[in-house]
Amino acid sequence: MTVAVVSRDLMIATRIADAGARAGVDVQRFDDPSQLPPAAELSLLLVAWDERRPGWGSTLVAWCDAAPQSAKPRVVLFGPHTDLAAHVDARAAGIGPMWARSKLIAHLSTLFA
């Protein structure tokens, strides 16, 4: 399993990478979705949606659409549970579910299984 994390926050990225290492999962970190490898090469994409920049939504939609249906990775957006704007934007973007950081951390072992 190969997982990509789009986040500039090294603390959260390190927590994700450490959980991945314990599960035997290869975790790669990127600063921007435009740097991602082809979607078909990943099993899971985690995106720090609270760090989003203009164009991230359209970049991620195009990235997902470029993969064959059978090879589309799961996409989970995450951020602070109090950031209502991020949750609204995530829903509008239609990319994937938006989770609070605490939920993401609590479910990493399940996501990596």
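Throughout this description, residue numbers start from 1 for each chain and increase along the sequence as written. For a predicted model such as this one, the threshold for reporting local features is a pLDDT of at least 70, and the threshold for listing and counting side-chain atom pairs is 80 or more; totals across whole chains, interfaces and linings nevertheless cover every residue. For side-chain calculations, the full set of non-hydrogen atoms in the structure is used, while hydrogens and water are omitted.

Participant: Report on the overall build of the chain, specifying residues and quantitative values.
Facilitator: Secondary structure elements follow DSSP: runs of H or I of four or more residues count as helices, runs of E of two or more count as strands, with numbering from the N terminus. The secondary structure content of the chain amounts to four helices and five strands. Taken from the N to the C terminus, the helices and strands of the chain come in the order β-α-β-β-α-β-α-β-α. In this treatment the radius of gyration is a C-alpha quantity, and the globule benchmark scales as 2.2 Å times the residue count to the 0.38 power. Taking 13 Å as the expected radius of gyration for a compact globule of 113 residues, we find that the chain reaches 13 Å, a close match to that expectation. Taken across its 113 residues, the chain has 41% of its residues classed as buried. Under the scheme applied here, a residue whose accessible area is under 20% of the maximum for its type counts as buried, over 50% as exposed, and between as partly exposed, the area being computed with a 1.4 Å probe on protein chains only.

Participant: So what about the sheet that holds strand 5 (residues 98–100)? Which residues, and what values?
Facilitator: A pair of strands is considered paired only if DSSP assigns at least 2 bridges between the two. The sheet built from five strands is open, its strands ordered 2-1-3-4-5 with parallel pairing. A single partner strand is all that each edge strand has here, and the edge strands are strand 2 (26–30) and strand 5. When strand polarity is set aside, the average angle formed by the axes of neighbouring strands in this sheet is 25°. Here strand 4 (residues 74–79) runs beside strand 5; their pairing, made up of three bridges, is parallel. Residue pairing in the sheet places phenylalanine 78 in a bridge with tryptophan 99 of strand 5. Strands in contact with helix 1 (residues 10–23) are strand 1 (2–6), strand 2, strand 3 (44–48) and strand 4; relative to strand 2, the strand with the most contacts, it is inclined by about 165°. It only takes one pair of heavy atoms within 4.5 Å for two residues to be counted as in contact. Between the N-to-C directions of two axes lies an angle of 0 to 180 degrees, each axis being a line fitted to C-alpha atoms and, for a helix, fitted only over the stretch in contact. Docked against the sheet, helix 4 (residues 101–111) engages strand 3, strand 4 and strand 5, running at close to 105° with respect to strand 5.

Participant: Please set out the nonpolar core residue by residue, giving values where relevant.
Facilitator: Of all hydrophobic cores here, the largest spans 20 residues; its most connected members are Leu36, Leu45, Val47, Trp49, Trp63 and Leu77. Where this core is concerned, the elements lending two or more residues are strand 1, strand 3, helix 2 (56–65), strand 4 and helix 3 (84–93). Here this core gets four residues from one element, more than from any other, and that element is helix 2. Among residues more than four places away in sequence, those in contact with tryptophan 49 are Trp56, Gly57, Leu60, Leu77, Phe78, Ala86, Asp89, Ala90, Ala93, Ile95 and Met98. The set of buried Ala, Val, Leu, Ile, Met, Phe, Trp, Tyr and Cys residues whose side-chain atoms join them within 4.5 Å is what this entry labels a nonpolar core.

Participant: Describe the pairing of strand 3, with residues and values.
Facilitator: Of all five residues in strand 3, five are buried, a share of seventy percent or more. Residues of strand 3 alternate between two faces, with Leu44, Leu46 and Ala48 on one and Leu45 and Val47 on the opposite face, all of them buried. Note: strand 3 against strand 4, five bridges, orientation parallel. Residue pairing for strand 4: leucine 45 is matched across the bridge by valine 75. Between strand 3 and its parallel partner strand 4, the chain crosses via helix 2, and the hand of that crossover is right-handed. If you view a crossover with the strands going away from you and the path from the first strand over the helix to the second runs clockwise, you call it right-handed.

Participant: Before we move on, could you go through the environment of leucine 42 and cite the residues and values that matter?
Facilitator: Looking at the secondary structure, you find leucine 42 in the loop between strand 2 and strand 3. Each C-alpha atom of the pair leucine 42 and aspartate 26 lies 9.8 Å from the other, and the pair is 16 residues apart in sequence. Every residue in contact with leucine 42, bar those within four places of it in the chain, is listed here: Thr2, Val3, Ala4, Pro37, Trp63, Ala71 and Pro73.

That is the geometry; function is a separate question.
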